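Now for the letters of each chain:
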Amino acid sequence: MYAKDFLIPVNACDQLVEGMALTPEPVAGAPDLWVRLVASPEDLARAQRLRQDVFVAQGKSNPLGESLDIDPHDLLCDHLVVEDRRDAGQIVATCRLLR
């Protein structure tokens, strides 16, 4: 399934991140890595871009060449990201937590 196979309302990402706990916390044993929930639609897009990049690296890229990995599960999940504070907050890991 690819992003073009379903429709997500334009404001869905705003609703997705509304009301989440956003306090970043350092990762134990790795003080430069901080974990938090996405804080904005832009954060969510960064996480989806990382997921797509990983799929491409694993040879599982979609044939449509989309730049973001988007699917219906995104609306049902909280999105956790790990940022590298040494690299201007670059997202280096992400996972979805089913609500």
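All of the points below concern the structure found in this document. (Residues numbered from 1 in each chain as written. Predicted model: local features only at pLDDT ≥ 70, side-chain atom pairs only at ≥ 80, totals over all residues. Heavy atoms only, no water.)

What the four strands build is an open sheet, ordered β1-β2-β3-β4; its pairing is antiparallel. Both outer strands of the open sheet, β1 (25-27) and β4 (90-98), are each paired with one neighbouring strand and no more. Here the strands of the sheet are splayed against their neighbours by 30° on average, with no regard to which way each runs. Pairing geometry for strand β2 (residues 30-37) and strand β3 (residues 77-84), over five bridges, is antiparallel. Looking at β3, one finds that R36 is bridged to V81. Strands in contact with helix α2 (residues 41-57) are β2, β3 and β4; relative to β4, the strand with the most contacts, it is inclined by about 95°. (Pairing = 2+ DSSP bridges. Helix = DSSP H or I, 4+ residues; strand = E, 2+ residues; numbered from the N terminus. Axes fitted to C-alpha atoms, helices over the stretch in contact; angles between N-to-C directions. Contact = heavy atoms within 4.5 Å.)

Before going further, it helps to examine the pairing of β3. Within β3, seven of the eight residues are buried, which leaves the element mostly enclosed by the surrounding structure. Here β3 runs beside β4; their pairing, made up of eight bridges, is antiparallel. Counted as the bridge partner of C77 is L98 from β4. (Buried < 20%, exposed > 50% of the residue type's maximum accessible area, 1.4 Å probe, protein only.)

All right, on to the packing of aromatic side chains then. Inspection of every chain in the model, using the stated rule, returns zero aromatic pairs. A cation sits over an aromatic face here: R85 above W34, 4.3 Å from the ring centre. (Phe/Tyr/Trp six-rings, centres within 6.5 Å; stacked < 30°, edge-to-face > 60°. Lys NZ or Arg CZ within 6 Å of the ring centre and 35° of its normal.)

Attention now moves to the pattern of salt bridges. Evaluated as defined, the whole model comprises 11 salt bridges. The salt bridge partner of R36 is D43, with a shortest N-O separation of 2.7 Å. D43 sits in the buried class, given a relative accessible area of 7%. Where salt bridges share partners, they join R36, D43, R46, E83 and R85 into one cluster. (Salt bridge = Lys/Arg side-chain N within 4 Å of Asp/Glu carboxyl O.)

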